[in-house]
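Here are the chains, one letter per residue:
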Amino acid sequence: MSALPSSGGGLAVGWRVPLLVIGMLSLLAGVAAGLLRAGWGVPLPDAALAAQHGPLMAAAFFGTVIGLERAVALGRRWAFLSPLAAGAGGLLLIAGAPPFVALPLLAVGGGLLTAATLVAAARQPALHTRILALAAALAALAPLAWLLAARDAAIAGWAAFLVLTIAGERLELSRFLPPSPRARAVFVGIVGALLLALAATAANAAGLRLFGGALVALAVWLLRQDIARRTVRQQGLTRFIAVCLLSGYFWLLAGGLLLALQPPGPLLMDAALHAVFVGFVLAMVFGHAPIIFPAIVRVSLPYRPRFYLPLAVLHASLLLRVAGDLAGLPDWRAWGAAGNALCLILFIATMVAAALAGRAEAQRKTPA
Amino acid sequence: MTAPPFSAEQVHAALRAVVDPEAGMNIVDLGLVYGVDVDPPAVRVSLTLTSPTCPMGDLILDEARQALAACLPEGWTQDIRLVWEPPWGPQRMSAKARAHFGWDGQ
C-alpha cells in the first residue's frame, strides 16, 4: 500500500502534475521577464516577453495553481479546465502568440475558476466563499483590461484577485476565533472600498491611491483578526505558516502605503507592486505550499527548520529592491530582483528536498 | 464474535493524532468528526472540513485512515467518509480548541 493513495479529487494525481508543470513554465518565463526588466541580460525566446511579466506571473502562474487548488477542493473534473486554460494562456504568451489570443484564454481560466468557486459557495453559502468567488471574477476581468491597455486597472485587478483570495481564505480560518459582527462589517466595508477603488483605476490614476488605502485597511484588519497571531506561539510547521502570514501582512501594509501616499521615487510602482505581489503573496505561498502541495500532488513535505531560509532571502532581497526603487539606485533594485528570483529557487529546492525526505520516511513506515 | 472490545473512545483517541497543521489542532477538538459508529468488526466514521474550498480533504481522510488502521484490532474494517451536512461551525469546537484560539471566558 502506498502511503498516500489517490482517493478522488476528480482527476487522477498523474494528470494534476502536468498542469502544475505548465504553471511552473509560466513562473520560469515570468521570473526571466522580470529579471530582464530589472536590468539583467537574461535570455528570453522573445524580448517582447518582458512586457508580459505581469500576465505571466499573476494570470498564468497564479491562475494555474489557484485553479488547480480549487479544482482539487471541488473534486469535479470540469473544474480542472480552469488551470488548463490559464496554463495554456501562459504557454501561448511564452510562444509569442499575439496578446488577443493568449489573454482571452487567461480570462477563460478566470471565468472557469469563478464557476468552480460558485459551486463551492453553493455548498456552503458564507461570506468567505463569496469573497473567493469575487476574487475569481477579477481573475476573469483583469486579462481583458490588460488587453484593452487599461494597465492600472489590470494590475490592480490581479492584485485584488490574489489579495482577496488570500483574505477570503484567512476569513474562513478566522472562524476558529470568530470576528465580532462589527469586525465582519468592517471587513465587508473594506472589500467594498477595494472594489470601488478598482473601478476608479480604470478612469483615473488617482484610483490607485484609493486602492492603496483599501489595502492598508485590509492589512490592518488581517493583522488584528488573523489566528496567526495565536498560532505563531506554537511550534514547527504551524509557527512557520504564521510567521509567513504575519510578515506578509507587513508587506501588504507597506505596498498599500506606497500606493496611497505615492512618495517621490523613480520606481515607486516597482516598489509598491512587488511589496504586494512578492512580499505579501509569495510569503503566503511559502507558508502554504507545505500543506497545499501534499493535497494536490500527494507527496508528503515534512517540516524542517530550513523552510525559513527562502523566507529570509525573500524579505531581505525585497527590502533591498524597495530601497533601491525609492532611492533611485538601479543596482540595488537589480540585486534585489535577483534575490527575489533566488528565494524562489531556494524555495523550490527546499520543497523538493522535503518531498524526497517525506518519501524516504513513508517507505520506512510501510515496509513493502 | 471473538473480536476484542473496541470503543468509540478509542476511535476518537486515534483520530486525535490527525492535526490540521494550519490551526495546530487535531480534528477531534476542532469538531470535524461528526460521527463514529462501532459495529464489530467494522468502524464507520464521518468527517467534515471547515470549508468546501479546502483542498486538504483527501489528505485528511488518508491520515485518518492510517491513524485508525494503526489501532484497529486484527480483522476489523473501517469506512471513513467526508460529509458536508450539516456545515461545520465554530460552536463544534471543544473547550480545549476554544482556549487554544483564545476565546474569552471559555
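Predicted model, so just to flag it, every value in this text is computed and none were measured. (Residues numbered from 1 in each chain as written. Chains lettered and ligands numbered in written order. Predicted model: local features only at pLDDT ≥ 70, side-chain atom pairs only at ≥ 80, totals over all residues. Heavy atoms only, no water.)

## Looking at the pairing of strand β3 (residues 33-39) of chain B
Residue and element names in this part refer to chain B.
- Here β3 pairs with strand β4 (residues 42-47) via 6 bridges, running antiparallel. The residue of β4 that forms the bridge with Gly35 is Ser46.
- What sits between the antiparallel neighbours β3 and β4 is a turn of 2 residues. (Pairing = 2+ DSSP bridges. Helix = DSSP H or I, 4+ residues; strand = E, 2+ residues; numbered from the N terminus.)

## A few points about the pattern of salt bridges
- Taken as a whole, this structure holds 15 salt bridges over all chains when the rule is applied.
- The structure contains a network of salt bridges with shared partners spanning Asp270, Arg321, Asp325 and Arg333 of chain A. (Salt bridge = Lys/Arg side-chain N within 4 Å of Asp/Glu carboxyl O.)

## A closer look at the packing of aromatic side chains
- One pass over the full model with this rule turns up 13 aromatic pairs over all chains.
- Here the aromatic rings of Tyr249 of chain A and Phe280 of chain A are separated by 6.0 Å at their centres, their planes lie at 35°, and the arrangement is tilted. With a gap of 31 residues between them, Tyr249 of chain A in helix α10 (residues 236-261) and Phe280 of chain A in helix α11 (residues 268-297) connect regions that are remote in the sequence. Each member of the pair, Tyr249 of chain A as well as Phe280 of chain A, is classed as buried.
- Ring centres of Phe6 of chain B and Trp76 of chain B lie 5.3 Å apart, and the angle between their planes is 65°; this geometry places the pair in the edge-to-face category. Pair noted here: Phe6 of chain B is in the segment before α1 (8-15) and Trp76 of chain B is in the loop between α2 (57-69) and β5 (77-82), with a separation of 70 residues, a long-range link.
- Three or more aromatic residues joined by ring pairs form one cluster here, namely Phe240, Tyr303, Phe307 and Tyr308 of chain A. (Phe/Tyr/Trp six-rings, centres within 6.5 Å; stacked < 30°, edge-to-face > 60°. Buried < 20%, exposed > 50% of the residue type's maximum accessible area, 1.4 Å probe, protein only.)

## Things to note about the UniProt feature "domain: MIP18 family-like" (unreviewed entry) in chain B
- Under the present numbering, the feature "domain: MIP18 family-like" (unreviewed entry) in UniProt falls on residues 9-72 of chain B.
- Between the C-alpha atoms that bound residues 9-72 of chain B there is a distance of 12 Å. The span itself is 31% helix and 27% strand. (UniProt positions renumbered as here; feature names shortened; annotations may be inferred.)

## Notes on the packing of helix α2 (residues 53-74) of chain A against helix α6 (residues 151-173) of chain A
Residues and elements named next belong to chain A.
- Where α2 contacts α6, the axes come no closer than 10 Å and their chain directions differ by 30°. Relative to α6, the element α2 is oriented roughly parallel. Every pair of crossing elements has a handedness; the one defined by α2 and α6 is left-handed. Each of Gly54, Pro55, Ala58, Ala59, Phe62, Ile66, Glu69 and Arg70 in α2 lies in contact with α6, whose residues at this interface are Trp158, Phe161, Leu162, Thr165 and Glu169.
- A breakdown of the residues in the contact of α2 with α6 according to their chemical character gives 8 nonpolar, 2 polar and 3 charged. (Axes fitted to C-alpha atoms, helices over the stretch in contact; angles between N-to-C directions. Parallel < 35°, antiparallel > 145°, perpendicular 65-115°, else oblique. Left-handed = near helix turned anticlockwise from the far one by under 90°. Contact = heavy atoms within 4.5 Å. Nonpolar A, V, L, I, M, F, W, Y, C, P; charged D, E, K, R; others polar.)

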